Amino acid sequence: MQAIVQLRGEVNMSTAVHDTLKMLNIHRVNHCAFVPETETYRGMITKVNEFVAHGEPSADAVETVLRTRAEPEHGDADVDEAWLAENTDYDSFEALAEALVDEETTLKEQGLSPVLRLHPPRGGHRGQKHPTSEGGQLGKHQTEEIDELLEAMR
């Protein structure tokens, strides 16, 4: 599973990139989506690489983000352990995060919104205009780096 977070806005964004972000369920800056690792999604991620940060997160980082940012697909109920046990196939955030990382389920299949609306990173970005190879935050991240970004945006 890949976590994709949009870091750059729509200024000077081509229509093709904009449409690809919509297909990934990412509609605004600081929105995050979890997608499976398939050739189709890999091509989509390559297309939007200059506008997003992406990488394979750990189950702990996914659990932290779900605890603070998960929302039901319909309605405005607070998502907590009791809501999970009642409305999903999982009893805890930990079990749901493990299933997401192992690609056994998706947020949408469990009745949760496929988009996580994250907070801007605490402490600021390391650079929204440069890829990770130049010290920025755009593009592919290692597991530790994407975990650090998701933790800062929880």
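Use the structure listed above.
Anyway, here's the lowdown on the structure attached to this text. All values derive from a computational prediction rather than experimental measurement.

### Considering the pairing of strand E3 (residues 52-55)
Here comes step 1: Burial along E3 is two-sided: Val-52 and His-54 and Ala-53 and Gly-55, pointing in opposite directions, are all buried.
Here comes step 2: Relative to E3, strand E1 (residues 2-6) runs antiparallel, the two being bridged by four bridges. Paired with Val-5 across the two strands is Ala-53, which belongs to E3.
Here comes step 3: Two strands pair when backbone bridges link them, and E3 and strand E5 (residues 139-140) are joined in this way by two bridges, in the parallel orientation. Counted as the bridge partner of Ala-53 is Gly-139 from E5.

### Structural notes on helix H6 (residues 143-152)
It helps to recall that an α-helix has 3.6 residues per turn; residues three or four apart then point in one direction.
Here comes step 1: The set of residues buried in H6 consists of Ile-146, Asp-147, Leu-149, Leu-150 and Ala-152.
Here comes step 2: Packed against the buried residues of H6 are E1, strand E2 (31-35), E3 and helix H3 (59-69).

### Digging into a negative patch on the surface
Here comes step 1: On the surface, Glu-37, Glu-56, Asp-60, Glu-94, Glu-98, Asp-102, Glu-103 and Glu-104 cluster together into a patch of negative charge.
Here comes step 2: If you trace the backbone, Asp-102 turns up in the loop between helix H5 (93-101) and strand E4 (116-117).
Here comes step 3: The class for Asp-102 is partly exposed, based on a relative accessible area of 47%.

### Examining the side chain of Glu-63
Here comes step 1: For Glu-63, the location among the structural elements is in helix H3.
Here comes step 2: The contact partners of Glu-63, leaving out residues within four places of it in the chain, are Phe-93, Glu-94 and Ala-97.

### So, helix H1 (residues 15-23)
Here comes step 1: Residues Val-17, Thr-20 and Leu-21 constitute the buried set of H1. For H1, the angular spread of the buried residues around the axis is 100 degrees, confining them to a single face. Those residues of H1 that are exposed and aimed more than 90 degrees away from the buried face are Thr-15 and Met-23.
Here comes step 2: Just past H1, the residue Asn-25 takes up positive phi, approximately 65 degrees.

### Regarding the layout of surface pockets
Here comes step 1: One number sums up the size of the largest pocket: a volume of about 260 Å³.
Here comes step 2: Lining of the largest pocket is provided by 16 residues; of these, Phe-34, Val-35, Pro-36, Thr-106 and Leu-107 occupy positions nearest its centre.
Here comes step 3: Take the lining of the largest pocket: its biggest share by element is three residues, from E2.
Here comes step 4: Split into classes, the residues belonging to the lining of the largest pocket amount to eleven nonpolar, three polar and two charged.

Rules used in this analysis
- Residues numbered from 1 in each chain as written.
- Predicted model: local features only at pLDDT ≥ 70, side-chain atom pairs only at ≥ 80, totals over all residues.
- Heavy atoms only, no water.
- Buried < 20%, exposed > 50% of the residue type's maximum accessible area, 1.4 Å probe, protein only.
- Helix = DSSP H or I, 4+ residues; strand = E, 2+ residues; numbered from the N terminus.
- Pairing = 2+ DSSP bridges.
- Contact = heavy atoms within 4.5 Å.
- Patch = residues over 30% accessible without salt bridge, like charges linked within 9 Å, V, L, I, M, F, W, Y side chains within 5 Å.
- Areas by Shrake-Rupley, 256 points an atom, 1.4 Å probe, with all protein chains shown as cover.
- Salt bridge = Lys/Arg side-chain N within 4 Å of Asp/Glu carboxyl O.
- Lys, Arg positive; Asp, Glu negative; His and termini not counted.
- Charge placed at Lys NZ, Arg CZ, Asp CG, Glu CD.
- Arc of directions from axis to C-beta.
- 1 Å grid on protein atoms, 1.4 Å probe; cavity = no way out; pocket = protein on both sides within 12 Å on 5 of 7 lines; lining within 4 Å.
- Points joined across faces, edges and corners; volume = space filled by probe spheres on them.
- Nonpolar A, V, L, I, M, F, W, Y, C, P; charged D, E, K, R; others polar.

Such coordinate-based values are descriptive only and should not be taken to indicate function.
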